[in-house]
Structure formats: C-alpha cells, structure tokens
Amino acid sequence: MDSRPVGIFDSGFGGLTVVKAIADLMPAEDLVYFGDSARYPYGPKPREEVLRYSLEICDYLIDCFDVKMIVVACNTASAFALDTIVEKYSVPVVGMIEPGARSLVAAATSDRIGVIGTVGTISSGSYQEILQEIAPHLSVTCAATPGFVEFVERGELESDQLLVLAERLLRPIADGNVSSLLLGCTHYPFLARTISKVLGGGVTLISSAEETAFSVRQLLFDYSLESDSKVGGFRAITSGDVDDFRRIGRTLLGLDFSTVVSHRVDRKAE
Ligand code: DGL
C-alpha cells in the first residue's frame, strides 16, 4: 500500500483522457498531471527534443511530487522516450503504445484495422511494429493527422475548418476500408464526433485510455503500490497559461481545475 501520487504527463490536454479513465477505475489514487502546453505540439518535433522534454518532466514529477509511477499519457512521447524512461527511473512506467495496440486488436471486427496519430508516432513505426508482432494476420492502414492537436488545445472540437482538415487527412483510412480505428494520440478522443462524422458509423473508434488505465491498475497491484487512502485527489500543473488551462480543461473534461499551478519550462529547442 502506498499513498504517493501517480504522475501522468502529456504535451497538453490530451493526457486528460487518460486521467479520466484512471480516476474512474481507481478513485482512491492521488493523480498529478503535467500538461506541457507551452511546448505542444510534440508530434512534429524531432525525437531528441521530445525525449529531452519527457525526461525533464519525469525528473520534475519525481523530484517535486515523489510519484510512485509514471504514466506517459502521450503516444508521441511513448514512441520516442518510453524505453529511456523505463531504463532511467526506478518507479514503474506505463506508456500508450502497447495498451493501444491491444485495444485495437481486441476490437477488430474484420482483418482491416487502422491507426491515426501524430507525424512523430506514425513515422516512428511503433504501432506498425507491435501490430505486426501481435496480430500479423491483420492489415493495418496508418495515417498521420497533423493539425488535430492544435484544434483540441484551442478547445475547438467541432468546426468547418476541422471538418475540412479531417476529410482530407482521413482519406487513406476511408480508402483502407478499416472496421476499427485506433485514436493513437491522446488528444483525439476529444475529436471523436468529427472523426466519426467523416468516417461514418461503420468504423469503430478506439481510445486506448481505458486499456491504459487497466495497465496502471495491474502494475500498481503487481508492485503493491495501490493507494490505501479513502479518496483520491487530482492536481494539474501546466507549463502554459494557467487561466487557459483551467478554462479549456474544464470545458473538455468537466474536472475541477481550481488547483492548476504553473511550472515554467525552457521553450528553446536546444
Ligand atoms: N497527445 C499526444 C500524443 O498522444 C501528443 C500530441 C502532440 O503534442 O502533438 O501523441
């Protein structure tokens, strides 16, 4: 039993979809969330830069909050930094790629499946690799959807501009005739209405947030780290503007963001 917090991070608001799933499944856990809004999007950035930001955030969560586990609630950071994070820190670490691939395969209703994600995630080949390993019989169509994250960060979940962009970027998925599509970026569940408007009801959209929460619960159990307190908590830290984070976060998730605090980061790429 361990009442220390679970540390969760993302480039901005996306990881809140994972926070919600963890809070629903484990209401007694204390959650500390870091949204790196000052440096989003991670998707178009080089691997080294995303790795550096990720390690900086993990150091901060461990040094300042003594977190008992790290959840990399960002597919791009999972693709680029998970192995290094696992190696560097002594606390257990959960990423998005494995739970995402598992949920997608479990939900497949035909032999054609798809993944959308950031340019970084899709070009890293992480999903292609793991899906080839666990489900070589399935045909996978992957597409990068640059620009989606920016709409979510602005709190713009439905608009004509978003629809036009989605129609263009999702064409390979529509042409691939997939039956199930993994939303391989934690921001994308916020855009589910628009994505399903474009692809139609025949494509099942899969978010990996719930499966990731199950991995968190399993690992806390395996390491005897479950919380022994009666009620959990939620604190959020942003590297961006606190008022924006409160306002947009509350709109997106309805969680209480009154405790959001600021943490300054170095915005320079090098
Ligand atoms: N939410 C993140 C992901 O899952 C990163 C999005 C971004 O900042 O580009 O990939």
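This structure is a prediction, so every number in the text was calculated from the model and none was measured.

Peer 1: Just checking my understanding: could you explain the environment of Arg154 for this structure?
Peer 2: Among the secondary structure elements, Arg154 is positioned in the loop between α7 (148-153) and α8 (160-169). Taking relative accessible area as the criterion, Arg154 reaches 48% and is therefore assigned partly exposed.

Peer 1: Just to check I follow, could you spell out the site of the ligand for this structure?
Peer 2: Around the ligand lies a shell of 13 residues, among which Ser11, Tyr42, Asn75, Thr76 and His187 are the nearest. A total of 300 Å² of accessible area belongs to the ligand in isolation, and the protein chains cover 99% of it. A breakdown of the residues in the shell around the ligand according to their chemical character gives 5 nonpolar, 7 polar and 1 charged.

Peer 1: I keep staring at the environment of Arg168 and nothing clicks. Help me out?
Peer 2: By secondary structure assignment, the location of Arg168 is in helix α8. In this structure, the C-alpha to C-alpha distance between Arg168 and Thr145, residues 23 residues apart in sequence, is 9.3 Å.

Peer 1: How do you make sense of the packing of aromatic side chains when you look at a structure like this?
Peer 2: The geometry of an aromatic ring pair is captured by two quantities: the separation of the ring centres and the angle between the planes. Counted by the stated rule, this structure contains 5 aromatic pairs. Here the aromatic rings of Tyr60 and Phe65 are separated by 5.6 Å at their centres, their planes lie at 85°, and the arrangement is edge-to-face. Residue Tyr60 is classed as buried on the basis of its relative accessible area of 14%. Overall, Phe65 belongs to the buried group, its relative accessible area being 18%. Ring centres of Phe148 and Tyr188 lie 5.4 Å apart, and the angle between their planes is 75°; on these two criteria the pair is classed as edge-to-face. Here Phe148 is found in helix α7, whereas its partner Tyr188 is found in the loop between β7 (180-183) and α10 (192-199), with 40 residues between them in sequence. Sitting over the ring of Tyr53, Arg39 keeps its end group 3.8 Å from the ring centre. It is Arg154 that lies over the ring of Phe151; its NZ or CZ is 4.7 Å from the centre.

Peer 1: Which parts of the structure should I look at to understand the pairing of β7?
Peer 2: Regular strands have side chains that alternate between both faces of the sheet. Of the two faces of β7, the one lined by Ser180 and Leu182 and the one lined by Leu181 and Leu183 are each fully buried. Across 4 bridges, the pairing between strand β5 (residues 112-117) and β7 is parallel. Paired with Val115 across the bridge in β7 is Leu182. For β7 and strand β8 (residues 204-206), the ladder comprises 3 bridges, and the chain directions are parallel. Residue pairing in the sheet places Leu182 in a bridge with Ile206 of β8. Between β7 and its parallel partner β8, the chain crosses via α10, and the hand of that crossover is right-handed.

Peer 1: Got a minute to help me understand the packing of helix α4 (residues 97-107) against helix α11 (residues 209-222) in this structure?
Peer 2: What describes two packed helices is the angle between their axes and the distance between those same axes. Contact geometry for α4 and α11: axes closest at 8 Å, N-to-C directions at 125°. The angle between the axes of α4 and α11 places the two elements in the oblique class. Considering how the two elements wind past one another, α4 and α11 form a crossing that is right-handed. Taking contact as the criterion, the partners of Pro99, Arg102 and Ser103 in α4 are, on α11, Glu211, Thr212 and Ser215.

Scoring rules and cut-offs
Throughout this description, residue numbers start from 1 for each chain and increase along the sequence as written. In keeping with the predicted nature of the model, local features appear solely for residues at pLDDT of at least 70, side-chain atom pairs appear and are counted solely at 80 or more, and the whole-chain, interface and lining totals rest on all residues. Side-chain descriptors were evaluated using all non-hydrogen atoms of the structure, hydrogens and water having been removed beforehand. Every helix listed is a DSSP run of H or I at least four residues long, and every strand listed is a run of E at least two residues long, numbered separately from the N terminus. Any residue under 20% of the maximum accessible area for its type is buried, any over 50% is exposed, and the rest in between are partly exposed; the area is computed with a 1.4 Å probe on protein chains only. When we say a residue is near a molecule or strand, we mean one of its heavy atoms is within 4 Å of it. Note on areas: these come from Shrake-Rupley sampling with a 1.4 Å probe, and a residue is covered only by the protein chains present in the view. The nonpolar class holds Ala, Val, Leu, Ile, Met, Phe, Trp, Tyr, Cys and Pro. Asp, Glu, Lys and Arg form the charged class, and all remaining residues, Gly among them, are polar. Classification of ring pairs uses Phe, Tyr and Trp, with its six-membered ring standing for Trp, and accepts pairs whose centres are within 6.5 Å; under 30 degrees between planes counts as stacked, over 60 as edge-to-face, and the remaining range as tilted. Should the NZ of a Lys or the CZ of an Arg lie within 6 Å of a ring centre and within 35 degrees of the ring normal, that charge is described as sitting over the ring. We treat two strands as partners when DSSP finds at least two bridges between them. Call a crossover right-handed when, viewed with both strands pointing away from you, the route from the first strand across the helix to the second goes clockwise. All axes are obtained by fitting lines to C-alpha atoms, using only the stretch in contact for helices, and the reported angles, taken between N-to-C directions, cover 0 to 180 degrees. We call two directions roughly parallel when the angle between them is under 35 degrees, roughly antiparallel when it is over 145, roughly perpendicular when it lies between 65 and 115, and oblique otherwise. Here is the rule for handedness: rotate from the far helix to the near one, and if that takes an anticlockwise turn smaller than a right angle the crossing is left-handed, while a clockwise turn gives right-handed. In what follows, residue pairs with any heavy atoms lying within 4.5 Å of each other are defined as contacts.

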